[in-house]
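# Understanding the architecture of this molecule
Here is what each chain is made of, one letter per residue.
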Amino acid sequence: MNHPQWILVAATLLGAVAMWLLLPRVRDRGWPLGIVLGAIGLGLLASQMPRIGHWTTDSVFLVLAAVTVVAAVATVTFRNPVYSAIWFGLSLLGTAGLFLVQGAAFLAVATVIVYAGAILVTFLFLLMLADPQGRAYYDRIGWETSLSAFAGAVIVGILSMTTISVLTNPSDQLAAAAATDQQRAEGVLGEYPIAGLGSALFGTHLIAVEVAGALLLAALVGAAAIVAHGRVKPPPEIPEKGDPAAARQTGQEAAGDGEPASPTRTHAAAEHRR
Amino acid sequence: MAETIIIALVKIALVIGGLMTAAAYFVLLERRMAAWIQDRRGPNRVGIPLTRIRLFGLGQPIADGVKFIFKEEFTPAHVDKLLYFLGPVVIFVAAIAAFAVIPFGSTLPDLGIEGLRGPIHLLVAPGVDVGLLYVFAVNSLAVYGLILGSWASNDKYSFFGGIRSGAQLISYEIPLGLGILGVVFVAGSLQLETIIGQQARTGVWNVFVQPLGFVVFLVAAFAEAARLPFDLPEAEQELVGGYHTEYSGIKLMMYLVAEFLHMITASFLIVILFFGGWHLWGLTGAGDEVTWPIAVLRVAVLLAKVTLVVLFFMLARWSWPRFRFDQLMDMAWKVMVPMGLVNLFVVAVWIEYGTRLVEALGLHGGIVMAAVGWAVLVATWLALTWAAPAVADNRPRLGPPYAQEEFEERPTP
């Protein structure tokens with residue numbers, strides 16, 4: 001029986017139960033117990049963490065990791081969607097900090113710019129347009145809480161098991177593949193790490209980058225097509241005198257035309273015209 | 001080790017103290033300038049307290065600060081307390097944190113202190129390889145201050161301000177990024193010190209060779225700083241005070257100061273990226289080795305340039321009316337993004353083929369590049385004038401159907 005693996009199993013199970021207790025349901029009473037169990041689980045996971053360097057580096061890493069995980073849990077357990085978004089932002093900042101600890105400054109800054117600066121702001125923007133108070137029933141409870149807690153536990157369990165098994169008995173292949181200090185000094189910590197990253201992206205991985213770019217472009221065109229679909233041409237002509245039906249119809253279209261995002265209404269107008 | 005920390009703390013104190021003072025006195029400058037443009041006198045009374053000495057109103061910022069601090073800090077009952085508090089803190093911290101990588105001079109010569117060999121770089125965090133991206137990341141966090149404050153205020157006007165600022169800041173981040181990419185291409189680095197160094201070494205400021213990129217960046221920087229004509233998030237005539245309608249006292253001051261800091265950041269970036277930073281021909285030299293007079297001169301040149309750009313910001317405020325919201329969006333997506341892409345394309349082609357071609361022909365690279373840049377600017381401007389993508393027909397349309405019927409059935413007098 002391998003000792004650390006059983007601790008990991010216990011930690012994962014504790015985490016799953018804690019998540020299940022914390023997730024917002026119609027009637028939730030177990031959240032204090034959930035917090036206690038989750039803290040114990042996190043502590044068990046942290047106790048199995050291999051040391052990565054000087055104790056200052058380790059403590060910075062542990063604090064950042066705790067912030068990231070706690071913020072991520074809070075993201076899915078808070079009832080108010082705006083608070084969830086803010087916790088998600090904190091989780092992203094923690095992730096960026098973890099990247100920085102590893103010396104990946106570009107990844108850290110890119111995470112902040114792309115996720116916290118663009119995607120999350122878009123989320124907030126939509127949340128405000130959708131339901132500013134977050135009082136809707138469907139916004140305030142979690143769906144399939146046991147299933148999602150189980151799925152999360154499986155993912156965390158598999159990933160941590162794999163990491164631990166690699167770290168406890170590293171095979172020769174992995175040891176050979178790991179970056180040496182000299183490689184790190186020349187690569188990530190060198191004088192022009194971003195230039196190196198750029199030439200790797202647009203040299204070695206050019207095809208992948210281009211494919212991803214084409215995919216994003218297709219998504220953009222698709223989004224524009226969905227928005228533009230069913231939009232009626234502006235009605236330029238003033239209707240003939242003595243034809244109130246025609247006048248009414250053109251008036252409706254004119255009213256519908258000014259609004260960019262009301263597909264149902266413009267659809268209805270188009271149907272009506274047919 | 002201890003010396004490094006001490007020198008970093010000294011720099012941080014210098015930067016924060018300088019920024020706060022600058023923000024306070026730029027407010028006074030802005031008010032005096034507004035008065036000058038509107039043919040008024042402006043604040044000219046406050047001088048040394050308890051005396052009759054006026055000092056041209058130089059005491060005004062201090063009086064303003066004292067007023068803000070001692071004012072009653074009223075928290076409305078309907079706000080979300082935590083986020084209401086968090087909003088101004090986030091925007092203020094983000095605005096200050098951007099200055100960690102922005103240089104305010106070049107270097108100081110060796111001070112002769114043991115443990116501090118070599119020149120001292122005049123910025124808080126020297127050698128950050130992702131400097132420019134860091135400024136962008138921190139700036140993109142500032143929008144949280146606006147959105148959180150506006151949402152937590154639980155008030156319609158604040159809320160409109162927050163929605164507008166969210167849409168505006170996201171949209172203009174794209175041209176902002178496109179505008180700097182050309183500069184980064186030429187300099188080959190994201191470090192602000194290196195970008196200044198490259199311009200100083202060649203003696204060609206980027207504004208001369210990439211005017212199109214400069215225009216895109218300038219407009220986007222105005223929009224990101226939410227200055228007029230882009231101040232829709234806090235349009236006084238429509239939204240009372242915009243996102244900070246419900247704020248008072250020191251929280252309101254944090255919002256206002258953060259806004260000024262955004263303008264100062266934008267001015268620093270404009271100067272550093274496009275106007276050569278501390279470089280001035282025949283005056284400051286270009287090398288890394290500096291003597292004391294040169295070092296002081298470089299700081300003075302940089303700060304003078306920044307002040308000039310801030311003055312331009314203030315002049316622009318009184319020269320343009322505010323955009324309508326659809327014009328704002330059209331401007332970002334249909335004008336600035338294409339212009340930025342054209343600039344990026346031209347610079348990339350120039351770096352790949354142009355330099356070699358010019359060397360083969362034996363011409364002066366800087367002059368040819370400048371000619372190409374200005375030609376591209378004029379061509380893009382003509383193309384945009386011809387295509388007119390931002391011109392929207394907002395004439396009143398035919399109203400609802402009953403209006404038409406009523407109009408027709410009314411007897412003509």
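Per chain, residues are indexed from 1 in the order of the written sequence. Note on labels: chains are lettered from A, ligands numbered from 1, in written order. Local features in this predicted model are restricted to residues whose pLDDT is 70 or higher, and side-chain atom pairs enter the listing and the counts only when it is 80 or higher, whereas totals over whole chains, interfaces and linings include all residues.

### So, the overall build of chain B
- In this text, helices come from DSSP runs of H or I with a minimum length of four residues, and strands from runs of E with a minimum of two, each type numbered from the N-terminal end. Helix and strand counts for chain B stand at 14 helices and 2 strands.
- Dimensions of chain B, computed from the C-alpha atoms along their principal axes, are close to 90 × 65 × 45 Å.
- When each of the 413 residues of chain B is scored for burial, the buried share is 42%.
- A pair of residues counts as a contact when their C-beta atoms, built from backbone coordinates, are separated by no more than 7 Å. When contacts within chain B are restricted to residue pairs at least 6 apart in sequence, those whose partners lie at least 24 apart make up 76%. Three exposure classes are used, based on other C-beta atoms lying within 10 Å of a residue's own C-beta, which is placed from the backbone: buried for 20 or more, exposed for 12 or fewer, and partly exposed in between.

### Some remarks on the overall build of chain A
- Across its full length, chain A holds 13 helices and 0 strands.
- Start at the N end of chain A and walk to the C end: the helices and strands fall as α-α-α-α-α-α-α-α-α-α-α-α-α.
- By the burial criterion, 19% of the 274 residues in chain A qualify as buried.
- Here the contacts in chain A between residues at least 6 apart in sequence split such that 61% fall between residues at least 24 apart.

### As for the domain arrangement of chain B
Residue and element names in this part refer to chain B.
- Per the annotation, domain bounds derive from an automatic or database assignment of domains. As assigned here, chain B comprises domain 1 (1-70) and domain 2 (71-337).
- Listed by partner, the interface residues are 20 residues for domain 1 and 18 residues for domain 2.
- Elements with a contribution of two residues or more to the side of domain 1 that touches domain 2: α1 (2-37) and α2 (60-70).
- Ranked by the residues each element gives to the side of domain 1 that touches domain 2, the list is headed by α1, at 16 residues.
- Here the term charged refers only to Asp, Glu, Lys and Arg, the term nonpolar to Ala, Val, Leu, Ile, Met, Phe, Trp, Tyr, Cys and Pro, and the term polar to all other amino acids, Gly among them. When grouped by side-chain class, the residues that make up the side of domain 1 that touches domain 2 number 16 nonpolar, no polar and 4 charged.

### Considerations on the environment of A:Val101
All names here are of chain A.
- Tracing the chain through its elements places Val 101 in helix α4 (residues 81-101).
- According to the C-beta neighbour criterion, Val 101 is partly exposed, with 16 such atoms within 10 Å.
- With 103 residues separating them in the primary sequence, Val 101 and Thr 204 have C-alpha atoms 26 Å apart.
- Setting aside chain neighbours within four positions, we find Val 101 in contact with Thr 57, Val 60, Phe 61 and Leu 64.

### Regarding the packing of helix α5 (residues 156-187) of chain B against helix α12 (residues 325-361) of chain B
Residues and elements named next belong to chain B.
- Helix axes are fitted only over the stretch in contact, all axes being lines through C-alpha atoms; the angle between N-to-C directions runs from 0 to 180 degrees. Put simply, α5 and α12 touch, their axes get as near as 9 Å, and they point 15° apart. Viewed along their axes, α5 and α12 adopt a mutual orientation that is roughly parallel. The two elements α5 and α12 meet at a crossing, and its hand is left-handed.
- Class assignment of the residues belonging to the contact of α5 with α12 gives a composition of 19 nonpolar, 6 polar and 1 charged. Should an angle lie under 35 degrees it is considered roughly parallel, over 145 roughly antiparallel, and from 65 to 115 roughly perpendicular; all remaining angles are considered oblique. Two helices cross in a left-handed way if the nearer one is turned anticlockwise from the farther one by less than a right angle. They cross in a right-handed way if the turn is clockwise.

### Some remarks on the confidence of the model for chain A
Residues and elements named next belong to chain A.
- Here pLDDT means the predictor's own confidence in every residue, given as a number from 0 to 100. In the predicted model, chain A carries a mean pLDDT of 75, and 69% of its residues have values of at least 70.
- The weakest mean pLDDT in chain A belongs to helix α13 (residues 263-273) at 45; the strongest belongs to helix α11 (residues 206-228) at 90.
- In this model, residues 250-274 is a region of pLDDT below 50 whose contacts with residues beyond four sequence positions or in other chains number 35 contacts.

### Some remarks on α1(B)
All names here are of chain B.
- In a helix, the anticipated span is given by 1.5 Å times the number of residues less one. For α1, spanning 36 residues, the distance from its first C-alpha to its last is 51 Å, which sits close to the expected 52 Å at 1.5 Å a residue.
- Of the positions making up α1, those classed as buried are Lys 11, Phe 26 and Leu 28.
- Those residues of α1 that are buried are in contact with α2, α10 (249-274) and α11 (292-317).
- Asp 39 lies just past α1 and shows a positive phi near 60°.

### A closer look at the environment of B:Val215
- Looking at the element boundaries, B:Val215 is found in helix α8 (residues 211-224).
- It is 27 Å that separates the C-alpha atoms of B:Val215 and B:Trp36, two residues lying 179 residues apart in sequence.

### Some words on α10(B)
All names here are of chain B.
- For α10, which comprises 26 residues, the first-to-last C-alpha distance of 38 Å matches the rise-based estimate of 38 Å (1.5 Å per residue) to within 8%.
- Across the 26 residues that make up α10, a large majority, 21, are buried.
- In the segment just after α10, Gly 276 is the residue with positive phi, at about 75°.

### What about the confidence of the model for chain B?
- Within chain B, residue pLDDT values average 82, and 92% of them lie at 70 or more.
- Per-residue pLDDT, averaged within each element of chain B, yields its smallest value for helix α14 (residues 401-409) of chain B (52) and its largest for α8(B) (90).

### Remarks on unusual backbone geometry
Residues and elements named next belong to chain B.
- One non-glycine residue, Asp 39, adopts positive backbone phi at about 60°.
- Looking at where Asp 39 falls in the secondary structure, it is placed in the loop between α1 and α2.
- A tally of 6 C-beta atoms within 10 Å means that Asp 39 is categorised as exposed.
- Not every positive phi belongs to a glycine, and Ala 226 is a case in point at roughly 55°.
- Residue position: Ala 226 is located in the loop between α8 and α9 (236-239).
- Overall, Ala 226 belongs to the buried group, with 25 C-beta atoms counted inside 10 Å.

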